[in-house]
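# Structural description and commentary
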Amino acid sequence: MDEVRTRVREFLLQQGFEIPGDDSAGGTLETGWRTAEAEGELNQALAAALRDKFRVRVEAGRAANTVEVYVSHSGLQRTTTAGADTWQPRAADPVLEAELLDRLKDFLAGDAGETTVSAVPAPNLPGVRSDIQTGQDSVTTLRLAEDFERAWRRIDFALTRGGFVIEDRNRAEGLYLIRLGKAFKEDANAGFFSRLFGSNAGDPKARYRVHLQGRGDATVVVVQHPGGAAVRTSVGERILERLKEKME
């Protein structure tokens, strides 16, 4: 797996990306912001108002001798307000994710060895059914009408796109350890979190666990404190609402 991760890093550098985020323990590489690519004078002018960056995660596959590579996109768009330019987040682009994956597969195609690499696109699958409910015990849950494996992938990308920092993950136990991160301050929907966390959008160091439990063709997601107790405040509900938003 380390060899594949090294090759992925070489690929990103070859594509002209800087890599300020390099977490070998977590298996992730995060590029810096870059002006969007475009051909033609008009398209280039439009692209100058867009910036993109990618997060690539490499992890051992479910089958023996396989490695899975996940790619997620984040984007910014320049807007002008009262004569001043600002950069606002724009929706993740699954087309750009797919294009980067195709280039990566071509790059890795000539590699020899016994390890198979599966490049996994972002799970922007239409029609996912999900709902959020709060029980009599004040525990809020997010229920996805998908099996555990598909739900695991969706939550992973939703956490990334939602601005959370994934500190650790354990797929066997269905657990993500996250921090709130700083992205809420940059998000176009920051007011959504300001109502909960205040004007600074919360402590970026605050940590929670996101626990997934497969139940046949459905998966239930709950937010927990680091010790494992369910979060029974509006924080848990807001985190799940954000995950639901980023999966749609």
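Residues numbered from 1 in each chain as written. Predicted model: local features only at pLDDT ≥ 70, side-chain atom pairs only at ≥ 80, totals over all residues. Heavy atoms only, no water.

In terms of residue burial, strand E13 (residues 218-224) counts as a mostly covered element, since seven of its seven residues are buried. Of the strand pairs in this sheet, strand E9 (residues 140-144) and E13 are connected by four bridges, and their pairing is antiparallel. Bridging from a neighbouring strand, Leu142 pairs with Val221 of E13. Pairing geometry for strand E12 (residues 207-215) and E13, over seven bridges, is antiparallel. In the sheet register, Arg209 faces E13, and the bridge partner there is Gln224. (Buried < 20%, exposed > 50% of the residue type's maximum accessible area, 1.4 Å probe, protein only. Helix = DSSP H or I, 4+ residues; strand = E, 2+ residues; numbered from the N terminus. Pairing = 2+ DSSP bridges.)

In sheet architecture, strand pairing relies on hydrogen bonds along the backbone and comes in two forms, parallel and antiparallel. One open sheet holds the six strands; their spatial order is E8-E9-E13-E12-E11-E10, and the pairing between them is antiparallel. Among the strands making up the open sheet, the edge pair consists of strand E8 (130-134) and strand E10 (165-170). Neighbouring strand axes in the sheet, compared pairwise and without regard to direction, differ in orientation by 20 degrees on average. Pairing analysis gives five bridges linking E8 to E9, with the strands arranged antiparallel. Within E9, the residue paired with Gln133 across the bridge is Thr141. Seen against the sheet, helix H4 (residues 148-161) touches E9, E10, strand E11 (175-179), E12 and E13 and runs at an angle of roughly 155 degrees to E12. Lying on the sheet, helix H6 (residues 234-247) is in contact with E8, E9, E12 and E13; it crosses E9 at an angle near 20 degrees. (Axes fitted to C-alpha atoms, helices over the stretch in contact; angles between N-to-C directions. Contact = heavy atoms within 4.5 Å.)

This part takes up helix H1 (residues 2-14). An α-helical turn contains 3.6 residues, so any two residues separated by three or four positions project in the same direction. Here H1 is 13 residues long and its end C-alpha atoms lie 18 Å apart, about the 18 Å a rise of 1.5 Å per residue gives. Of all the residues in H1, the buried ones are Val4, Arg5, Val8, Phe11 and Leu12. End-on, the buried residues of H1 take up no more than an arc of 115 degrees, which puts them together on one face. Counted as exposed and oriented over 90 degrees from the buried face of H1: Asp2, Glu3 and Gln14. Looking one or two residues past H1, Gly16 carries a phi angle of roughly 90 degrees, positive in sign. (Expected span 1.5 Å × (residues − 1). Arc of directions from axis to C-beta.)

So, on to the packing of aromatic side chains. Within the structure shown, the criterion is met by four aromatic pairs. Ring geometry for Phe11 versus Phe107: centroids 5.5 Å apart, planes at 50 degrees, classification tilted. Taken as a pair, Phe11 in helix H1 and Phe107 in helix H3 (residues 94-108) lie far apart in primary sequence, 96 residues in all. Consider the rings of Phe17 and Phe54, whose centres lie 5.8 Å apart with planes at 80 degrees: the pair is edge-to-face. Highlighted residues: Phe17 in the loop between H1 and strand E1 (21-23) and Phe54 in strand E4 (residues 50-60), separated in sequence by 37 residues. Both residues of the pair, Phe17 and Phe54, belong to the buried class. Linked through ring pairs, Phe148, Trp152 and Tyr176 together constitute an aromatic cluster. Over the ring of Trp87 we find Arg51, and its NZ or CZ is 4.0 Å from the ring centre. (Phe/Tyr/Trp six-rings, centres within 6.5 Å; stacked < 30°, edge-to-face > 60°. Lys NZ or Arg CZ within 6 Å of the ring centre and 35° of its normal.)

Checked against the element boundaries, Lys53 lands in strand E4. Residue classification places Lys53 among the buried positions, given a relative accessible area of 19%. Among the polar contacts listed, one links the side chain of Lys53 to the side chain of Glu30, at a separation of 2.8 Å. When sequence neighbours within four positions are dropped, the list of residues in contact with Lys53 reads Glu30, Thr31, Gly32, Trp33, Ser72, His73 and Ser74. (Polar contact = N/O pair within 3.5 Å; in protein donor to acceptor, adjacent residues only side chain to side chain.)

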